[in-house]
Amino acid sequence: MITLYGFGAGFGLPEISPFVTKTEVQLKMAGLDYRKRKAMPPASPKGQLPYIDDEAETIADSTFIRAHIEGKYGFDFDAPLSLQARAQAWAFERMIEHHVYWALVGARWVDTENFAKGPAHFFDAVPEHQREKIREDAQFRVAENYLLSGLGRHAPDEDVDLAMRSLFALSVQLGDKPYLMGEAPCGTDATAFGALAGILTPYFNSPLRERTEHFGNLTAYVDRMMLQYYPDFVWESQREAA
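It should be emphasised that the depicted structure is a prediction, and the values quoted were computed from it without experimental measurement. Within any chain, residue numbers begin from 1 and follow the written order of that chain's sequence. Reporting in this predicted model follows two pLDDT cut-offs: at least 70 for local features of residues, and 80 or more for side-chain atom pairs to be given and counted; totals over whole chains, interfaces and linings ignore these cut-offs and use all residues. Only hydrogens and water are removed before side-chain values are computed, so all heavy atoms of the structure are retained for them.

Chemist: Where do I start with the pattern of salt bridges in this structure?
Modeler: Pairs can form between side chains of opposite charge whenever their charged atoms are close. By definition, a salt bridge exists where a carboxyl oxygen of Asp or Glu is found within 4 Å of a side-chain nitrogen of Lys or Arg. Enumeration according to the criterion identifies 17 salt bridges in this entry. For arginine 66, the salt bridge is made with glutamate 70, and the minimal N-O distance between the two is 3.2 Å. Of this pair, arginine 66 and glutamate 70 are both found in helix H2 (residues 62-73), 4 residues apart, which corresponds to roughly one turn of the helix. Between glutamate 132 and arginine 135 there is a salt bridge, with its nearest N and O atoms 3.7 Å apart. Remark: arginine 135 and glutamate 132 occur in helix H5 (residues 128-149); sequence separation between them is 3 residues, near one turn of the helix. Through salt bridges that share partners, Lys22, Arg66, Glu70, Asp78, Glu93, Arg94 and Glu97 make up one connected network. Every helix listed is a DSSP run of H or I at least four residues long, and every strand listed is a run of E at least two residues long, numbered separately from the N terminus.

Chemist: Teacher, can you tell me more about the environment of leucine 170 here?
Modeler: Mapped onto the elements, leucine 170 comes out in helix H6 (residues 156-174). Using a relative accessible area of 1% as the deciding quantity, one classes leucine 170 as buried. In the structure, leucine 170 is positioned 74 residues away from isoleucine 96 in sequence and 8.9 Å away in space, judged by C-alpha atoms. By definition, residues are in contact when any of their heavy atoms lie within 4.5 Å. Residue contacts for leucine 170: discarding those within four places in its chain leaves Phe92, Met95, Ile96, Leu180 and Leu218. With a 1.4 Å probe rolled over the protein chains alone, any residue whose accessible area is under 20% of its type maximum counts as buried; one over 50% counts as exposed, and the rest are partly exposed.

Chemist: Just to check I follow, could you spell out the packing of aromatic side chains for this structure?
Modeler: Remark: the centre distance and the inter-plane angle together describe each pair of aromatic rings, the angle taken between the planes. The rule is short: rings of Phe, Tyr and Trp, with Trp giving its six-membered ring, pair when the centres are within 6.5 Å, and they are stacked under 30 degrees, edge-to-face over 60, tilted in between. Taken as a whole and judged by the stated rule, the model has 13 aromatic pairs. Ring plane angle 70° and centroid distance 5.3 Å describe the contact between tyrosine 101 and tryptophan 102, whose orientation is recorded as edge-to-face. Relative to phenylalanine 204, the ring of tyrosine 203 lies with its centre 5.0 Å away and its plane at 85°, an arrangement referred to as edge-to-face. Looking at tyrosine 203, the relative accessible area reads 29%, which means it is partly exposed. Aromatic ring contacts, followed pair by pair, group Phe7, Phe11, Trp109, Phe115, Phe122, Phe123, Tyr203 and Phe204 into a single cluster. Charges are assigned to positions over rings by a cutoff of 6 Å between ring centre and Lys NZ or Arg CZ, combined with an angular limit of 35 degrees from the ring normal. Directly above the aromatic system of tyrosine 230 lies the positively charged group of lysine 28, at a separation of 4.9 Å from the ring centroid.

Chemist: What is the right way to look at the pairing of strand E3 (residues 51-54) in this model?
Modeler: Strand residues, when the strand is regular, have side chains that alternate between the two faces of the sheet. Here a strand pair is declared whenever DSSP counts at least two bridges between the two strands. With 4 bridges connecting them, strand E1 (residues 2-6) and E3 associate as antiparallel partners. Bridged to isoleucine 2 within E3 is aspartate 54. Two elements, E3 and strand E4 (residues 57-60), share 4 bridges in a ladder whose sense is antiparallel. In the sheet register, aspartate 54 faces E4, and the bridge partner there is glutamate 57. Here E3 folds back onto E4, and the loop between the two strands holds 2 residues, one of which, glutamate 55, carries a positive phi near 55°.

Chemist: I tried to follow the side chain of serine 166 on my own but got confused; where do I start?
Modeler: Along the polypeptide, serine 166 turns up in helix H6. Note on serine 166: relative accessible area 6%, which makes it buried. Here a polar contact means two N or O atoms within 3.5 Å. Within protein one must be a hydrogen donor candidate and the other an acceptor candidate, and residues neighboring in sequence count only if both atoms are side-chain atoms. Within polar-contact distance, the side chain of serine 166 engages the side chain of histidine 99 at 2.6 Å. In this structure serine 166 touches Met95, His99 and Val100, once residues within four positions along its chain are discounted.

Below is the structure:
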C-alpha cells in the first residue's frame, strides 16, 4: 500500500497543495491503491510535499513520484500521445509549475487578506508566544521566493497580466477537448487541474481568480476533473452550476 503525504482538505479544495493534488490524481489515473496521511513539509526528505512511502522506498517531489509510478508499476501517463505531443505536454507542465503556480502563491501568500484567511492558519498549533513571529517569517520566505520566481518583481496588476498569458495558452490548448492533449487524460492534466482548482476555489478572492473565471473552458474543465477524480467532494463551483 502506497502512503501519500499531503496537507489534506482545506480552502474549499479536497487537497490544499496543487502538487499533492497532482500526485493524488496521478495515483487515481494509474489505478493504484493508496492511503493518505497529513504531514508538514519538514517531514519530507526534500522539505516539501508531497512525498510517498512505497514499501521500503520514500520518494519526494511530484515529478519524481510520477517517474517512480511509471518505472515500478509500468503505467504510462502519456500512452495516448505521440512523441511530439509528449514534448508539448512536458512544456505545458513546466509552464504551469514555474509560472501559473507562482501566480497562485502570490494570490494566497502575498495578498494580506488571503494570507490571514488561509496560510496563516498553518501555524495555529504553534505555541502562542512564538506563533506570530513564525507566521511572519514564513510569509517573508514565501514572498522572497515569489520575488525570485520573477512574478514578484512586478506590480500586482502586471503579475496577473503575465499569468493571464499562460492561462490563455492553456485555454487555447484545451479548446473544446475534454482534456488538454485530446480525448484521454494524460499526466499533465493532473498538474493543470491542481493549479487551476487552486486558483478557482471560491474560498479566496483575488484578481487572478476573477480573471481566470473568464476562461469558460478552463472552469468547465476543473468542474469535470473534480467530478471525475473527487466525486464525493462538494466542489463549490459544481454546486453553483447545478
